[in-house]
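Examination of the molecular architecture
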Amino acid sequence: ATTNRRTIVENLSHIICEFLSLDLSLNRDMMAAEVAGDLLRQEYDTMWEEMMSGIRANDPSLCDVRVTSNKLAEVVSVYEALEGNTHVTNLGVMGKWWEIQADIGTAMCRINRLLSVCVTLTTLDLTHTLMGDTGAHALAVVLQHNTSLQRLGLGSNLIGPDGGNALLFALGRNSTLKSLRLTHNRLGPDTAAAMASLLDSPSGLIELYLDQNGLSDENLSAIAWGLSRNNTLRTLDLDFNRFSSVVFPILLRALSQNDIITAISLWSTGPSPDIGILHSQIEPFVRRNRGKVLQIEPAVEPSAYETYFSSASESAEEMDDDNA
């Protein structure tokens, strides 16, 4: 019995030592993580102050401002500082700080004021801010009167048919905006009439990205009708929607009447096995149009804002991965 007790005590002592050793190791790891977090926060605070100082001082070398923050107060402070700035042309803001309705109202009030007074701002990227229909409605009010913004990114924002219709109809009255990105929202079939109206309007839109929006044959028919009457749009992205081959002839007929569009994509658009055939039928039209456009304008490298939005989309994907 004495031997058994000794064995039990020795085993318990061994277990306790291992636990203490593990606990010390965990403590060391936690302390290291805390130190690393403190250093990152210090670096972030330093970079933030440098950026804000540059905005407030109207630094002519600061043209591109990108903010990723989940704190509404930080974002609002950027908007307020930009109201007196005349050199920043590209503004990107990402962060889930619009999850509360009150936050949406506060943020949109500042954005609308900024778009009204900051005439040098030509690119606004609000990707992945979760503004929803409420934010889209508020933004639509100022966009129909804005005369400076040329590129607008609203991807991954939970915008549904209600907010989508407000935006599309408003932009039909805007003759300045050239690029609109509504990638990965929830526009759906009920936005068909607004899409047709936008393409039929004298908006001057050159690029339209509607991929990953749950669009249907009704949307594609409306878009086709609009394309048959449009004379500005050159790039149209409709990837990852829900089209069937029934409406493909309508689209092809519209493209035969359109001599300006030079890029159109409908990959991964539902169950139709004929999408590859459709692209081969589209290609002669866009190739013909590219030749016509090149006679008017020389070929150019990807623009600064294409690079800007591309990097912003990558950042949004990283945020999704981090929150997964």
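Here the structure is a predicted model, which means the values were calculated and not measured.

1. Overview of the overall build of the protein
Within the protein one finds ten helices and eight strands. When burial is assessed residue by residue, the protein has 46% of its 324 residues classed as buried. Contacts in the protein between residues at least 24 apart in sequence constitute 84% of all its contacts with a sequence separation of at least 6. For the protein, the accessible area works out to roughly 16500 Å², and carbon and sulfur atoms hold 56% of it.

2. Overview of the pattern of salt bridges
The final tally for this structure, using the stated rule, is seven salt bridges. Note that Glu83 and Arg110 form a salt bridge whose closest N and O atoms lie 3.9 Å from each other. Placement of the pair is Glu83 in the loop between α2 (72-82) and β2 (90-94) and Arg110 in helix α3 (residues 101-117), with a sequence separation of 27 residues. Taking relative accessible area as the criterion, Arg110 reaches 26% and is therefore assigned partly exposed. Residue Glu283 pairs with Arg290 through a salt bridge whose shortest N-O separation is 3.2 Å. The partly exposed category is assigned to Glu283, whose relative accessible area is 28%. Arg290 gets classed as partly exposed once you look at its relative accessible area, which sits at 33%.

3. Points about the side chain of Thr183
Within the fold, Thr183 resides in the loop between β5 (179-181) and α6 (192-200). A polar atom in the side chain of Thr183 sits 2.8 Å from the side chain of Asp211. Once you skip the residues sitting within four places of it in the chain, Thr183 turns out to touch Gly155, Ser156, Tyr209, Asp211, Gln212 and Asn213.

4. As for the sheet that holds strand β1 (residues 64-68)
Strands sit in the order β1-β2-β3-β4-β5-β6-β7-β8 across an open sheet of eight strands; the sheet is parallel. Two strands bound the open sheet, and with one partner strand each, they are β1 and β8 (263-265). Pairwise comparison of adjacent strand axes, ignoring direction, gives a mean angle of 5° for this sheet.

The rules behind the values
- Residues numbered from 1 in each chain as written.
- Predicted model: local features only at pLDDT ≥ 70, side-chain atom pairs only at ≥ 80, totals over all residues.
- Heavy atoms only, no water.
- Helix = DSSP H or I, 4+ residues; strand = E, 2+ residues; numbered from the N terminus.
- Buried < 20%, exposed > 50% of the residue type's maximum accessible area, 1.4 Å probe, protein only.
- Contact = heavy atoms within 4.5 Å.
- Areas by Shrake-Rupley, 256 points an atom, 1.4 Å probe, with all protein chains shown as cover.
- Salt bridge = Lys/Arg side-chain N within 4 Å of Asp/Glu carboxyl O.
- Polar contact = N/O pair within 3.5 Å; in protein donor to acceptor, adjacent residues only side chain to side chain.
- Pairing = 2+ DSSP bridges.
- Axes fitted to C-alpha atoms, helices over the stretch in contact; angles between N-to-C directions.

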